[in-house]
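Here's the letter readout for the chains.
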Amino acid sequence: MGIAVAAGMDSLSERASMMREALQKSQTITDNVVTILGSFDSRLSALETAMRPTQIRTHAIRKAHENIDKSLKSAEVILAHFDLSRQAEAKILKGPHEDLEGYLGAIDQLRSNIRFFSSNKNFRNSDGVINAANTLLAKAISKLEDEFKQRLNSYSKPIEPDRLFDGLPNALRPSPGSPGNQGDAGGKATSHSHSDHQNIDLETAVYTPPTLIPPRIMPLLHDLAKQMVRAGHQQQLLRIYKETRSLVLEESLQKLGVEKLSKDDVQKMQWEVLEAKIGNWIHFMRIAVKLLFAGERKVCDQMFEGFDSLSDQCFAEVTASSVSVLLSFGEAIARSKRSPEKLFVLLDMYEIMRELHSEIETIFKGKACTEIRESALGLTKRLAQTAQETFGDFEEAVEKDATKTSVLDGTVHPLTSYVINYVKFLFDYQSTLKQLFQEFETGDEKGSQLASVTMRIMQALQTNLDGKSKQYKDPALTHLFLMNNIHYMVRSVRRSEAKDLLGDDWVQRHRRIVQQHANQYKRNAWQKILQCLSIQGLTSSGGGSSVGDGGNSSGVSRALVKDRFKIFNMQFEELHQRQSQWTVPDTELRESLRLAVAEVLLPAYRSFLKRFGPLVESGKNPQKYVKYTAEDLERMLGEFFEGKNLSEPKR
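Just so it is clear, the structure is predicted and the values come from calculations on it, not from any experiment.

Things to note about the overall build of the protein chain
Helix and strand counts for the protein chain come out as 21 helices and 2 strands. Out of the 651 residues belonging to the protein chain, those deemed buried represent 42%. Taking all contacts inside the protein chain whose residues are at least 6 apart in sequence as the whole, residues at least 24 apart take part in 80%. Carbon together with sulfur atoms contributes 51% to the accessible area of the protein chain, which is approximately 35500 Å² in total.

Listed below in structure tokens is the structure:
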């Protein structure tokens, strides 16, 4: 065992010795490698120092090549711009007539070249090039102005009336053969009444503005305008456009029949002439706003697309004169002397201004058109104010009417028919009147104003009729006159929309008034003659012959009976002669009144004739006293209230 341990130790010693030797060799090799690497580092540093000048020269050569390439490219770009400038100059010198699109392209190219040389100031001759280009550009824009003016003039022609009428809804177009359809200077384009217009649904009516400039021309005009704006020539553009287009609009309106009338011209006109011109003005306003100005707005928007403020300004200046001519006529009417017959045309004018309000706000948009919008709104309010004041004037005029026109036959007075027709016409304007009253009234009054005004007018008429009735000396005719006139009022109200406004109470109350006057007529006209048929006063008080046989005529004086028949005949003939000249124009009322008289007179006459007729017939000349049978009286009553002249033969 000891031998084995010793052997192991020897072996370990040997291995340790070998490892020490190996480590020593490795250290030696490492030292040698370090020495060699140090030598390489020194050599490389020396080599790098030797190569640096060569590297610097190589970099300089490379940079020089890059600069040469850049210079060549810059030269190529500059030469290309010079070439494009020569091409643009050649096109500009030729002018825009032959090739307008090419001319516009040349101007764009010229502007591009100016921008290029302005951003390349290092180029030695850049200032000279820029100055030459700007001079050429100024000449080009000048020629462009002439071209714009020439083309705009060429395609700006007045619109014939027929073309404008074609844009109207069918219901508003003039009928074939009418004066307005021929486009005469009178401009009588339509004669539609207010009720006709009520039947037209203005909300859905389709208007088709005419094409004022051919669509194929608009893009070129737009490009021309755009170039002028870019060149800073807005004022020249505005001037050319205004001078050309405003004249076209004015001539179009003149062809339609629009006249420039002053307030003095309006004041001097006969009412019939003025009324016709107002009707034309209403039609002209509709055509001008919905067709002519709408078409011009479209032209402005297309031509100045992208320049909204310029479009608004151009449109305002082009239309200002035409709008002024139209609105000034409306102002002259609104400020003229008020009279009842003007109320309806004032309402028509107010209606059209209300109808056109939204279009005016839309078409005349923008700050530049503010004055036009305000003028239109001002006219609308002035028309409303004048119409309301005319209402008050009419009510006062009805109550104070002092015309000496008398109706000898007691029929409906012209004032009554005039006022009733006036009121009936007002009801064609119910919605307009409600809108008008809203301009000035507030709260609950708005809904009741029309009813209140109508009642006041009717009361004013009754007050006036009461005064006129006092002109009659015969009380019976006084009541017949009032019966006729108030019946006419009641009947007219019952047959119109006024019934809904005034109410059943008003109708019933005035029907009772009619009946009261009918009763008063009977009392005043027939009370005296009915007394002739009374038995009172017929008994004999001595003298003269009498009958004493105990019959119905016992104790009655024949002479008194004869006298009664004689007086009756005379009074009836007088009533027949006079009242057959009187008039009850309403057939139903006339028959009713005759029947009411007959129901009182005929039974009394039959009774008197039956009782005292034999007393007269038994004497001499009975036909001298008993001239009429009851049937004769009934026939003659049928001739009452016919308004016969004295010269007319009896039936």
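Here the narrative resumes.
What to know about a positive patch on the surface
Judged by side-chain charge, Lys-424, Arg-494, Arg-495 and Arg-511 come together as a positively charged surface patch. Mapped onto the secondary structure, Lys-424 falls in helix α13 (residues 414–426).

Topic: helix α7 (residues 234–256)
Residue pairs spaced three or four apart in an α-helix point in one direction, given the helix's 3.6 residues per turn. Taking 1.5 Å of rise per residue, 23 residues should cover 33 Å, and α7 covers 32 Å from first to last C-alpha, within 8% of that figure. Looking at α7, one finds that the buried residues are Leu-237, Leu-238, Ile-240, Tyr-241, Thr-244, Arg-245, Ser-246, Val-248, Leu-249, Ser-252, Leu-253 and Leu-256. In the stretch just after α7, Gly-257 is the one whose phi turns positive, near 125°.

Here we look at the packing of aromatic side chains
Each pair of aromatic rings is reported with the distance of its centres and the angle of its planes. For the structure on display, the rule yields 22 aromatic pairs. Residues Phe-394 and Tyr-418 carry aromatic rings whose centres are separated by 6.2 Å and whose planes lie at 65° to one another, so their mutual orientation is edge-to-face. Of this pair, Phe-394 sits in helix α12 (residues 370–400) while Tyr-418 is found in helix α13, placing the two residues 24 residues apart along the sequence. Between Tyr-472 and Phe-481 the ring centres are 5.3 Å apart and the planes differ by 50°, which places this aromatic pair in the tilted class. Taking the relative accessible area as the measure of exposure, Tyr-472 reaches 14% and is therefore buried. One aromatic cluster is present, formed by Tyr-521, Trp-526, Phe-568, Phe-572, Tyr-605, Tyr-628, Phe-640 and Phe-641 through successive ring pairs. When the ring centre of Tyr-207 is taken as origin, the NZ or CZ atom of Lys-290, which lies over that ring, is 4.6 Å away.

A few points about unusual backbone geometry
Although it is not a glycine, Phe-641 adopts a positive phi angle of roughly 65°. For Phe-641, the location among the structural elements is in the segment after α21 (630–637). The exposure class assigned to Phe-641 is buried, which follows from its relative accessible area of 1%.

Topic: the environment of Leu-220
Topologically, Leu-220 is positioned in helix α6 (residues 218–230). Its relative accessible area of 17% is what places Leu-220 among the buried residues. Distance in space between the C-alpha atoms of Leu-220 and Met-303 is 8.9 Å, their sequence separation being 83 residues.

Observations regarding the pattern of salt bridges
Note that side chains of opposite charge can pair when their charged atoms are close. The final tally for this structure, using the stated rule, is 25 salt bridges. The shortest N-O distance in the salt bridge between Asp-301 and Arg-297 comes to 3.2 Å. Placement of both Asp-301 and Arg-297 in helix α9 (residues 271–303) is noted, with a separation of 4 residues, approximately one turn of the helix. Accessibility expressed as a relative area gives 31% for Asp-301, which makes it partly exposed.

Looking at the environment of Asn-280
Structurally, Asn-280 is set in helix α9. Between the C-alpha atoms of Asn-280 and Gly-257, which are 23 residues apart in sequence, the distance is 8.2 Å.

A word on the nonpolar core
Grouped together as the largest cluster of nonpolar side chains are 155 residues, with contacts concentrated most on Phe-148, Met-303 and Trp-526. The leading source of residues in this core is α9, at 16 residues.

Examining the side chain of Thr-390
On the secondary structure map, Thr-390 appears in helix α12. Reaching out from Thr-390, the side chain makes a polar contact with the backbone oxygen of Thr-386 at a distance of 2.7 Å. Those residues within four positions of Thr-390 in sequence are excluded, and the remaining contacts are Arg-338, Ser-339, Pro-340, Leu-343 and Leu-346.

Here we look at the side chain of Ser-336
Considering the arrangement of structural elements, one finds Ser-336 in the loop between α10 (308–335) and α11 (343–363). The contact partners of Ser-336, leaving out residues within four places of it in the chain, are Gln-267 and Lys-342.

Brief notes about helix α20 (residues 587–617)
Compared with an ideal rise of 1.5 Å per residue, which puts 31 residues at 45 Å, α20 spans 39 Å between its outermost C-alpha atoms and falls more than 12% short. The largest bend along α20 reaches roughly 45° and is located at Arg-611, with the proline Pro-614 sitting one to four residues downstream. For α20, the N-terminal capping position is held by Asp-586, with its side-chain oxygen 3.3 Å away from the main-chain nitrogen of Glu-588.

Things to note about the environment of Gly-643
Relative to the elements of secondary structure, Gly-643 occurs in the segment after α21. Along the chain, Gly-643 and Trp-582 lie 61 residues apart, while their C-alpha atoms are 4.8 Å from each other. Among all residues touching Gly-643, those that are not within four sequence positions of it are Ser-580, Gln-581, Trp-582 and Thr-583.

Quick word on the packing of α6 against α9
It is the contact of α6 with α9, at a shortest axis distance of 8 Å, that shows an interaxial angle of 55°. If you check the angle between α6 and α9, you find them oblique. Contact residues: α6 offers Met-218, Leu-221, His-222 and Ala-225, while α9 offers Val-299, Gln-302 and Met-303. Among the residues making up the contact of α6 with α9, the classes are represented as 5 nonpolar, 2 polar and no charged.

Points about the confidence of the model for the protein chain
When pLDDT is averaged across the protein chain, the result is 82; 77% of the residues are at 70 or more. Taken together, the stretch residues 179–192 has pLDDT below 50 and engages in 35 contacts with residues farther than four places along the chain or on a different chain. Every residue in residues 542–552 scores below 50 in pLDDT, and together they form 13 contacts with partners more than four places removed in sequence or on other chains.

Things to note about the packing of helix α16 (residues 475–494) against helix α18 (residues 504–532)
Helix-helix packing: each pair is described by the crossing angle between the helix axes and the interaxial distance. Where α16 contacts α18, the two axes come as close as 8 Å, and the packing angle between them is 160°. Classified by the angle between their axes, α16 and α18 sit roughly antiparallel to one another. Handedness of the α16/α18 crossing: left-handed. Across the interface between the two elements, Pro-475, Ala-476, His-479, Leu-480, Leu-482, Met-483, Ile-486, His-487, Met-489, Val-490, Val-493 and Arg-494 of α16 pack against Trp-506, Val-507, His-510, Arg-511, Ile-513, Val-514, His-517, Ala-518, Gln-520, Tyr-521, Asn-524 and Ala-525 of α18. By residue class, the composition of the contact of α16 with α18 is 16 nonpolar, 6 polar and 2 charged.

Topic: the state of the cysteines
The tally for this structure, following the rule as stated, stands at 0 disulfides. Free of any disulfide, Cys-300 has its nearest neighbouring cysteine sulfur in Cys-314, separated by 5.6 Å. When its relative accessible area of 0% is taken as the criterion, Cys-300 is described as buried. We classify Cys-314 as buried; its relative accessible area is 1%.

Reading the values: rules and limits
- Residues numbered from 1 in each chain as written.
- Predicted model: local features only at pLDDT ≥ 70, side-chain atom pairs only at ≥ 80, totals over all residues.
- Heavy atoms only, no water.
- Helix = DSSP H or I, 4+ residues; strand = E, 2+ residues; numbered from the N terminus.
- Buried < 20%, exposed > 50% of the residue type's maximum accessible area, 1.4 Å probe, protein only.
- Contact = heavy atoms within 4.5 Å.
- Areas by Shrake-Rupley, 256 points an atom, 1.4 Å probe, with all protein chains shown as cover.
- Patch = residues over 30% accessible without salt bridge, like charges linked within 9 Å, V, L, I, M, F, W, Y side chains within 5 Å.
- Salt bridge = Lys/Arg side-chain N within 4 Å of Asp/Glu carboxyl O.
- Lys, Arg positive; Asp, Glu negative; His and termini not counted.
- Charge placed at Lys NZ, Arg CZ, Asp CG, Glu CD.
- Expected span 1.5 Å × (residues − 1).
- Phe/Tyr/Trp six-rings, centres within 6.5 Å; stacked < 30°, edge-to-face > 60°.
- Lys NZ or Arg CZ within 6 Å of the ring centre and 35° of its normal.
- Core = buried A, V, L, I, M, F, W, Y, C linked by side-chain atoms within 4.5 Å.
- Polar contact = N/O pair within 3.5 Å; in protein donor to acceptor, adjacent residues only side chain to side chain.
- Bend = angle between axes of the 7 residues up to and from the residue.
- Axes fitted to C-alpha atoms, helices over the stretch in contact; angles between N-to-C directions.
- Parallel < 35°, antiparallel > 145°, perpendicular 65-115°, else oblique.
- Nonpolar A, V, L, I, M, F, W, Y, C, P; charged D, E, K, R; others polar.
- pLDDT = per-residue confidence, 0-100.
- Left-handed = near helix turned anticlockwise from the far one by under 90°.
- Disulfide = S-S within 2.5 Å.

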